[in-house]
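# Notes for the structure review
Residue strings, one per chain:
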Amino acid sequence: MAYVRNNLNEVIAELPGVQARVSKQAHLLEFRIKNLIRPHSRTGYLVSSVGVERANSKDYWVYVGARYAAPVNFGFTHNWTKERIEGLHFIKGAVYG
């Protein structure tokens with residue numbers, strides 16, 4: 001009979017090759033997000049607000065720091081005209097291709 005350790009995920013996450021792969025995937029996602037929003041960024045602030053941050057010893061955060069990133073990504077309703085503006089969905093596009 002096989003025995004599987006309760007903390008097997010933690011053990012595997014601490015392996016050097018796994019940590020390197022997680023870091024590589026985070027930076028690859030950052031690159032894809034920047035490429036998707038670059039054609040829509042006039043000033044470059046939205047592109048420059050994308051980054052990677054170490055969350056803890058095993059994980060990374062990929063973030064878009066611009067305050068207006070959520071409306072640009074998901075869409076919004078214009079305040080004056082009440083017209084629905086469709087979002088670019090660049091985060092979903094970068095994650096799922």
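Notes on the structure follow. Quick caveat, the model's predicted, so the values are computed rather than measured.

## Some points on helix 2 (residues 16-37)
Since there are 3.6 residues in each turn of an α-helix, residues three or four apart along the chain are aligned in direction. For helix 2, which comprises 22 residues, the first-to-last C-alpha distance of 32 Å matches the rise-based estimate of 32 Å (1.5 Å per residue) to within 8%. Taken residue by residue, helix 2 has Ser-23, Ala-26, Leu-29, Glu-30, Ile-33 and Ile-37 as its buried positions. Projected down its long axis, helix 2 shows its buried positions confined to an angular sector of 120°, all on one face. Exposed side chains of helix 2 directed beyond 90 degrees from the buried face belong to Pro-16, Gly-17 and Lys-24. Tucked into the core, helix 2 has its buried residues touching helix 3 (45-48), strand 1 (50-54), strand 2 (60-64) and helix 5 (90-96).

## What about the environment of Asp-59?
The topology assignment puts Asp-59 in the loop between strand 1 and strand 2. By relative accessible area, which is 40% here, Asp-59 ends up partly exposed. C-alpha separation for the pair Asp-59 and Gln-19, spaced 40 residues apart in sequence, amounts to 8.1 Å.

## Describing the pattern of salt bridges
The full count for this structure, using the stated rule, is 2 salt bridges. Across the pair Lys-58 and Glu-14 runs a salt bridge whose closest N-O atoms are separated by 3.6 Å. Residue Lys-58 is found in the loop between strand 1 and strand 2, and its partner Glu-14 is found in the loop between helix 1 (8-13) and helix 2; the two are separated by 44 residues along the sequence. Here Glu-14 falls in the partly exposed class, since its relative accessible area comes to 49%. Here Glu-30 and Lys-34 are joined by a salt bridge, their closest N and O atoms 3.4 Å apart. Taken as a pair, Glu-30 and Lys-34 lie in helix 2 at a separation of 4 residues, close to a single helical turn. For Glu-30, a relative accessible area of 15% gives the class buried.

Thresholds applied
- Residues numbered from 1 in each chain as written.
- Predicted model: local features only at pLDDT ≥ 70, side-chain atom pairs only at ≥ 80, totals over all residues.
- Heavy atoms only, no water.
- Helix = DSSP H or I, 4+ residues; strand = E, 2+ residues; numbered from the N terminus.
- Expected span 1.5 Å × (residues − 1).
- Buried < 20%, exposed > 50% of the residue type's maximum accessible area, 1.4 Å probe, protein only.
- Arc of directions from axis to C-beta.
- Contact = heavy atoms within 4.5 Å.
- Salt bridge = Lys/Arg side-chain N within 4 Å of Asp/Glu carboxyl O.

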